[in-house]
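# Examining the three-dimensional arrangement
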Amino acid sequence: MSGVRRLGARWRRRRPLRTRLALAASAAVALVAVGVCAAAFFVIRYELLHQLDLSLTQSATRVVQENRGEGPQIIAGECRFLSAPACAQVVPADPAADPEAAYLLPVSAPVREVAAGTRAPYFSNVTRFGHSLRMLTTPFGDGRALQVALRADPVERGVRQAAVLLAAVGGAGVLLAGLLGYAVSRTGLAPVARLTSTAERIAATRDPRHRIELPPGPPGRQDEVTRLAASFNTMLGELEQSVSAQRRLVADASHELRTPLTALRTNAELLARADRLTPAQRERASGALGRQIREVTGLVNDLIELARDEEPLPLLEEVRIAELAEQMVAMARTHWPRVPFELETGPGAAEAVRPGVPARLARLLTNLLDNAAKFSPPDAPVEVALTAYGDGSGDGLELTVRDHGPGIAPEDLPYVFDRFYRAEAARALPGSGLGLAMARQIARAHGAELTASAAPGGGALFTVVFGGEGP
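A brief look at the structure comes next. (Residues numbered from 1 in each chain as written. Predicted model: local features only at pLDDT ≥ 70, side-chain atom pairs only at ≥ 80, totals over all residues. Heavy atoms only, no water.)

### Describing the side chain of glutamine 147
- By the secondary structure assignment, glutamine 147 is in strand E5 (residues 144–151).
- Look at glutamine 147 and you get buried, because its relative accessible area is 0%.
- Separated by 2.6 Å, the side chains of glutamine 147 and glutamine 89 make a polar contact.
- There is a polar contact of 3.0 Å between the side chain of glutamine 147 and the backbone oxygen of proline 106.
- Setting aside anything within four residues of it in sequence, one finds glutamine 147 in contact with Cys87, Ala88, Gln89, Val91, Leu105, Pro106, Val107, Val111, Met135, Leu136 and Thr137. (Helix = DSSP H or I, 4+ residues; strand = E, 2+ residues; numbered from the N terminus. Buried < 20%, exposed > 50% of the residue type's maximum accessible area, 1.4 Å probe, protein only. Polar contact = N/O pair within 3.5 Å; in protein donor to acceptor, adjacent residues only side chain to side chain. Contact = heavy atoms within 4.5 Å.)

### Quick word on the packing of helix H9 (residues 358–375) against helix H10 (residues 435–445)
- Two elements in contact, H9 and H10, have axes whose closest approach is 9 Å; the angle formed by their N-to-C orientations is 145 degrees. Here H9 runs over H10; the crossing is left-handed. When H9 is examined against H10, the residues Arg360, Leu361, Arg363, Leu364, Asn367, Leu368 and Asn371 are found in contact with a partner set consisting of Gly435, Leu436, Met438, Ala439, Ile442 and Ala443.
- Class assignment for the residues of the contact of H9 with H10 results in eight nonpolar, three polar and two charged. (Axes fitted to C-alpha atoms, helices over the stretch in contact; angles between N-to-C directions. Left-handed = near helix turned anticlockwise from the far one by under 90°. Nonpolar A, V, L, I, M, F, W, Y, C, P; charged D, E, K, R; others polar.)

### Quick notes on the sheet that holds strand E3 (residues 122–128)
- Judged by pairing direction, the sheet is antiparallel, and its five strands sit side by side in the order E1-E2-E5-E4-E3 without closing on themselves. The open sheet has two free edges, formed respectively by strand E1 (73–76) and E3, since each of these has just one partner strand. Taken pair by pair, the neighbouring strands of this sheet meet at an average axis angle of 25 degrees, ignoring direction. (Pairing = 2+ DSSP bridges.)

### Observations regarding H10
- Taking burial as the measure, the 11 residues of H10 include eight buried ones, the bulk of the element.
- Just downstream of H10, glycine 447 is the residue with a positive phi angle, here 70 degrees.

### Observations concerning the environment of alanine 437
- Take alanine 437: it is sitting in helix H10.
- Considered as a pair, alanine 437 and leucine 450 are 13 residues apart in the sequence and their alpha carbons are 10.0 Å apart.

### Section: the sheet that holds strand E10 (residues 397–402)
- Read across the open sheet, the five strands follow the order E7-E9-E10-E12-E11; overall the sheet is mixed. The sheet is open, and its two borders are formed by strand E7 (341–345) and strand E11 (448–454), each paired with just one other strand. Adjacent strand axes in the sheet meet at a mean angle of 15 degrees when their direction is disregarded.
- In the sheet, E7 pairs with strand E9 (residues 382–388) via five bridges, with the strands oriented parallel. Paired with glutamate 342 across the bridge in E9 is glutamate 383.
- Where helix H8 (residues 321–335) meets the sheet, its contacts fall on E7, E9, E10 and strand E12 (460–466), and the angle it forms with E7 comes to roughly 170 degrees.
- Here H9 sits on the sheet in contact with E7, E9, E10, E11 and E12, set at roughly 165 degrees to E12.

### Points about the nonpolar core
- By size, the foremost hydrophobic cluster in this structure holds 42 residues, and its most contacted members are Leu364, Leu368, Leu450 and Phe462.
- Contributions of two or more residues to this core are made by H8, H9, E9, E10, H10, E11 and E12.
- With eight residues, the single largest contributor to this core is H9.
- If we skip the residues at most four places from it in the chain, leucine 364 touches Ala439, Ile442, Ala443, Leu450 and Val464.
- Membership of the second largest hydrophobic core comes to 16 residues, among which are Leu52, Leu146, Val148 and Val159. (Core = buried A, V, L, I, M, F, W, Y, C linked by side-chain atoms within 4.5 Å.)

### Some remarks on the side chain of arginine 134
- Relative to the helices and strands, arginine 134 is located in strand E4 (residues 131–139).
- Relative accessible area serves as the criterion here: at 13%, arginine 134 is assigned to the buried category.
- In this structure the side chain of arginine 134 is engaged in a polar contact, spanning 2.8 Å, whose partner is the side chain of aspartate 53.
- Those residues in contact with arginine 134 that lie beyond four places of it in its chain are Leu52, Asp53, Leu56, Phe123, Ser124, Asn125, Val148, Ala149, Leu150 and Ala152.

### What about a nonpolar patch on the surface?
- The grouping of Leu175, Leu176, Leu179 and Leu180 at the surface amounts to a nonpolar patch, some 410 Å² of accessible area in total.
- Note that leucine 176 resides in helix H4 (residues 153–188).
- When its relative accessible area of 47% is taken as the criterion, leucine 176 is described as partly exposed. (Patch = residues over 30% accessible without salt bridge, like charges linked within 9 Å, V, L, I, M, F, W, Y side chains within 5 Å. Areas by Shrake-Rupley, 256 points an atom, 1.4 Å probe, with all protein chains shown as cover. Salt bridge = Lys/Arg side-chain N within 4 Å of Asp/Glu carboxyl O.)

### Brief notes about the pattern of salt bridges
- Applying the stated criterion across every chain, the model contains nine salt bridges.
- A salt bridge links glutamate 351 to arginine 320; the nearest nitrogen and oxygen atoms lie 2.8 Å apart. Highlighted residues: glutamate 351 in the loop between E7 and strand E8 (353–356) and arginine 320 in strand E6 (residues 317–320), separated in sequence by 31 residues.
- In this structure, a network of salt bridges that share partners links the residues Arg151, Asp153 and Arg157.

Keep in mind these numbers describe shape, not what the thing actually does.
If you want it as structure tokens, here you go:
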């Protein structure tokens, strides 16, 4: 038995889903059709026999009423013809009381028992005169039994005709069930077939731009398969964006690395001929080589960090944001001596703490301060403000960094946090275009949101809003 189940399971695995669904639907409809035809046959057969039995009962009642005082005898014997009345005879319980004329209908022991009153009336099928007869045996009174018979072959012929007709209807129903099952499986699984072909095409071409064609209709009334196809299209869109971002990252990284690598090679080749250079030239070439090495190293480190889907948060600490901001502002004053930095801490913000990684939050602030200092004109301040809402610990905390530079053009505003994106005004300035992208990634990893906007009166304004819960 287990072997049969294993064979059945292996067959199901090897058959396509469309075939299995068509077979299941066809089998269900065919079973219903065959069941209905079988039930109709038994109902028709029962009704025909019941009508014949009612005719026998009526004939027996009429014979009893017309021949109540008669003894054992043959009352009517023309039932061999279809249009003739029923054959009828009276049989005594004692065979010795039989009449001299032979009975037309068969007399058996059960007939004597009915005459003696020891057996209930019954119907039976007999053959006489070369025809099938339906016979009723019932008490006649005074130790006698009445036998009444009618031709049954018309009823049997009607039952056979009904069987043939219903068998034909059932066969047509099974065939129609197969066709409908195939149509249902083909129509119902059409989105699945399109999904499969799309997935196979993507696997073969590695092109996620393909989409599954969805049937028209309101989004709220789609069936499960259509919703699956829509979800697959959404996943393909996300995959396409991811692949496009990856390709753009590789292209941008190669573009950004080309210039410093070319300069590195040039300076390395120059230093290889150091005997032809003056000490001052060697010192300048060596310094340029060191700066370019640091630039490439920083760019590679930034790429490695941005390539991760999520910021690592190995050990969370309770970080006092105001204290961290003071340290980063002091460090920025050292790095940018010509740019004044102003820090303003609002009420309740000095004691505000958030769970996080101090080194990563410090990197976030450093990137924002360096970006502001890069665009600030000499002697124009970079304004840093920390504001707390509510009690400063469980509610919002907002950090803003504003410069007084040229600001962000409206067409550049949606892209300032993209990797390697640099506005026209920033192309001549140092940097790789990764600082703001990294700042947003760190902010989101700490449950904060970093946004950029144009500051009132000119300049750029970057805002970091920390939530109450943190990462």
